[in-house]
Amino acid sequence: MDRLVFDIAHLLAGGLVLVSFMLLYQNRLYALLNIFGLHAFVLSLSVAWQAYIQNAPHLYVTASIALLLKAIVIPMALHRIIRRLGINREIETVVGIGPTMLAGMGLVALSMSIMLQITAEAGQLAREDMAFSLSVVLLGLLIMVSRRNAVSQVIGFMSLENGLVLAAAGAKGMPLVVEFSVAFSILIAFIVIGIFLFRIRERFDTVDINALDSFRGEQQ
Amino acid sequence: MVVIVDFLIQGTQMMLVLLLAPLLTGFVRKVKARLLRRRGASIFQPYRDLLRLMRKEVVLARNASWLFRVTPYLVFAATWVAAALVPTFASGLMFSWTADLIALIALIASARFFLALAGMDVGTSFGGLGASREVMIASLAEPAMLMIIFTVALIAGSTQLSSIAGFMASSQVGLHVSLGMVLIALIIVAIAENGRIPVDNPATHLELTMVHEAMILEYSGRHLAMIELAAALKLLLYISLIASIFMPWGIAVSGDAPEMLAIGAITYVVKIAVAGFLLALFESAVAKMRVFRVPEFLGAALMLGLLGTLLLFVSQGL
């Protein structure tokens, strides 16, 4: 039984890393949004499983926040934003997909080797969750760095936050107040970013971040 | 006496794959035709094609070397041996100690090596183009295949297919996310290796993007029959490989009673039919991708294999 509990937690957390890679691989905006919804869905499943095995009911709240807010509301809002912006639906990457994937693999290997050494005393589940969540965070950063389009950078930011929630759930749960404040700050950040997107679009007729660089007078 | 029975069962397996391979190809074609609301040729059409090709005379280019004439038989022999080693309806057969995953890959790779050489032998531009593309795809598919083998071997503790199938059928496998990743990666590799639709179209002769067909454009008569049969065997080989690693239910063990062998054979045919149907469904649903997107497609397989190995290290290192 104990083996099965661990295996399912491993399956869900590993699935989250896999979906992060799918985000990295995807080069269409709408598909990216759908996969982000899947990301949040896998996260909520993972957190709900943690709630079940740790017997911590407040983690169910975390899971439902992840499900409602991140798997449904934010992807739908981003869908609307993209339609309103009327931008090109292909995502332009800074380097090709192949090197980005290799960099992602390197980041995953890095976070595994670091986390498994640091958390030698912690419990089995917590160790594994920490290792996976660090990889999800690093992959989120990689998505933000490797994309030119502002909307996909927002997705990278949100998936990074999903990794933080996974870490918090693994570490014997976090207080509900913290969870709520994090969820709302993410929502506020989302709104601010959304407004910024429209401002950028109005100003430069594109959401390509490179336009900002040339506006600052930097060399292309 | 036991030796003779073992030998007979092994011989049955060898003949079974040889006889089933064209049927599978015909079945996939038939399902694809029906999905497009065409009537399609009979599922026995590949046998008739092979017979007709066998009766036709061979047309050779004037500058074809001995390699060009020998290659079809080499390719066929290597592929047949590989296909006959994979456990189909029973595991632990007489020669199953040679059915090592790495040996299988080596057999298929050497078949491909000779086919690529033969494609360049006559010196037509099409052959060279097909050969270079085939080798490009292979150079990407083989690392992915090696990562898949690593992951499976780490889980099962062996690279020998009979013991892997036995381990997977037992209850000590557990739930591994790595296995799911490896399954997807293996399917991607199988699609690329067999030249099925997102990578190459097996039904076309007049397209600039063709790979396998471009390489064998100069072949005719019994040489072409050998190569076609080898291609059908390769498809059956990959499906049997996936079935024996990931769906090893119902495989009989050597020394079982004849009725167990019969059950194994029936489940095997059912598995093949299901896999062929899914393949046809998938091929009808997706569009062929540009040649330059193939590296990304296969890169995903490599990445999945690598990720599977990494995650396995995490779960076993704890």
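Note that the coordinates shown come from a computational prediction; the quantities given were computed from them, not determined experimentally. (Residues numbered from 1 in each chain as written. Chains lettered and ligands numbered in written order. Predicted model: local features only at pLDDT ≥ 70, side-chain atom pairs only at ≥ 80, totals over all residues.)

A few words now on the overall build of chain A. Within chain A, the secondary structure is distributed over eight helices and zero strands. Secondary structure of chain A in N-to-C order comes out as α-α-α-α-α-α-α-α. Taking 220 residues into account, the globule formula puts the C-alpha radius of gyration at 17 Å, and chain A, at 18 Å, falls close to it. For chain A, the spread of C-alpha atoms along the three principal axes comes to 55 × 35 × 25 Å. (Helix = DSSP H or I, 4+ residues; strand = E, 2+ residues; numbered from the N terminus. Rg over C-alpha atoms; globule rule 2.2 N^0.38 Å.)

From N to C terminus, chain B includes eleven helices and two strands. In terms of overall dimensions, chain B is globule-like: its C-alpha atoms have a radius of gyration of 20 Å, near the 20 Å expected for 318 residues. Dimensions of chain B along its principal axes, counting C-alpha atoms only, are 60 × 50 × 45 Å. Counting every position in chain B, which comprises 318 residues, the buried fraction comes to 46%. In chain B, 80% of the contacts between residues at least 6 apart in sequence involve partners at least 24 apart. (Buried ≥ 20, exposed ≤ 12 C-beta atoms within 10 Å, placed from the backbone. Contact = placed C-beta atoms within 7 Å.)

Residues and elements named next belong to chain B. Following both chains from N to C, one finds helix H2 (residues 45-55) and helix H9 (residues 221-246) inclined at 150°, their axes separated by 7 Å at the closest point. It follows from the interaxial angle that H2 and H9 lie roughly antiparallel. Within the contact between the two elements, H2 uses Pro 46, Leu 50, Leu 53 and Met 54 and H9 uses Gly 221, Arg 222, Leu 224, Ala 225, Glu 228, Leu 229 and Ala 232. Class assignment for the residues of the contact of H2 with H9 results in eight nonpolar, one polar and two charged. (Axes fitted to C-alpha atoms, helices over the stretch in contact; angles between N-to-C directions. Parallel < 35°, antiparallel > 145°, perpendicular 65-115°, else oblique. Nonpolar A, V, L, I, M, F, W, Y, C, P; charged D, E, K, R; others polar.)

The next thing to look at is the environment of Ala 122 of chain A. Residue and element names in this part refer to chain A. Looking at the secondary structure, you find Ala 122 in the loop between helix H4 (97-118) and helix H5 (124-146). What makes Ala 122 partly exposed here is the crowd of 16 C-beta atoms within 10 Å. With 62 residues separating them in the primary sequence, Ala 122 and Phe 184 have C-alpha atoms 30 Å apart.

So, about the confidence of the model for chain B. Should the pLDDT be low somewhere, the predicted coordinates at that spot are not to be read in detail. For chain B, per-residue confidence averages 88 on the pLDDT scale, and residues scoring 70 or more make up 97% of the total. Model confidence for the complex: the whole-complex pTM is 0.84, and ipTM, which rates the interface, is 0.70. (pLDDT = per-residue confidence, 0-100.)

Residue and element names in this part refer to chain B. For the pair helix H1 (residues 2-35) and H2, interaxial distance at closest approach is 7 Å and the crossing angle is 120°. Relative to H2, H1 is oriented oblique. Contact residues: Pro 22, Thr 25 and Gly 26 in H1; Gln 45, Pro 46, Tyr 47 and Leu 50 in H2.

Residue and element names in this part refer to chain B. Core analysis: the biggest nonpolar cluster contains 153 residues, and Ala 144, Val 189 and Leu 236 have the highest contact counts within it. By residue number, the principal contributor to this core is H9, which donates 16 residues. Beyond its immediate stretch of four places on either side in the chain, Leu 236 contacts Val 17, Leu 20, Ala 21, Leu 24 and Ala 83. (Core = buried A, V, L, I, M, F, W, Y, C linked by C-beta atoms within 7 Å.)

Now for helix H7 (residues 177-193) of chain B. Residues and elements named next belong to chain B. For H7, spanning 17 residues, the distance from its first C-alpha to its last is 24 Å, which sits close to the expected 24 Å at 1.5 Å a residue. Within H7, twelve of the 17 residues are buried, which leaves it mostly tucked inside the rest of the structure. All of the buried residues in H7 are Val 177, Ser 178, Met 181, Val 182, Ala 185, Leu 186, Ile 188, Val 189, Ala 190, Ile 191, Ala 192 and Glu 193. Gly 195 sits one or two residues past H7 and shows a positive phi near 60°. (Expected span 1.5 Å × (residues − 1).)

What follows deals with the interface of chain B and chain A. Each partner contributes to the interface: chain B provides 17 residues, whereas chain A provides 23 residues. Residue contributions to the side of chain B that touches chain A peak at twelve residues, all from helix H11 (residues 294-317) of chain B. Here the residues of the side of chain B that touches chain A sort into twelve nonpolar, four polar and one charged.

As a further point, take the confidence of the model for chain A. Confidence in the prediction of chain A, expressed as mean pLDDT, is 81, and 91% of residues score 70 or more. Within chain A, the lowest mean pLDDT, 70, falls on helix H8 (residues 210-215) of chain A, and the highest, 89, falls on helix H2 (residues 29-54) of chain A.

A separate point is unusual backbone geometry. Phi angles above zero are rare outside glycine, and Arg 37 of chain B is one such case at about 65°. Assignment of secondary structure puts Arg 37 of chain B in the loop between H1 and H2.

A separate point is H9 of chain B. For H9 of chain B, which comprises 26 residues, the first-to-last C-alpha distance of 38 Å matches the rise-based estimate of 38 Å (1.5 Å per residue) to within 8%. The element H9 of chain B is extensively covered by neighbouring structure, given that 21 of its 26 residues are classed as buried.

Turning next to the environment of Leu 183 of chain B. Following the sequence through the fold, Leu 183 of chain B ends up in helix H7. Residues Leu 183 of chain B and Leu 35 of chain B lie 148 residues apart in sequence; the distance between their C-alpha atoms is 26 Å.

Turning our eyes to something else, we now look at the environment of Ala 99 of chain B. Residues and elements named next belong to chain B. Position of Ala 99 among the secondary structure elements: in the loop between strand S1 (90-91) and helix H4 (101-121). Among the residues examined, Ala 99 registers 24 C-beta atoms within 10 Å and is labelled buried. When the C-alpha atoms of Ala 99 and Leu 161 are compared, they prove to be 5.9 Å apart, with 62 residues separating the residues in sequence. In this structure Ala 99 touches Leu 85, Val 86, Pro 87, Gln 160, Leu 161 and Ser 162, once residues within four positions along its chain are discounted.

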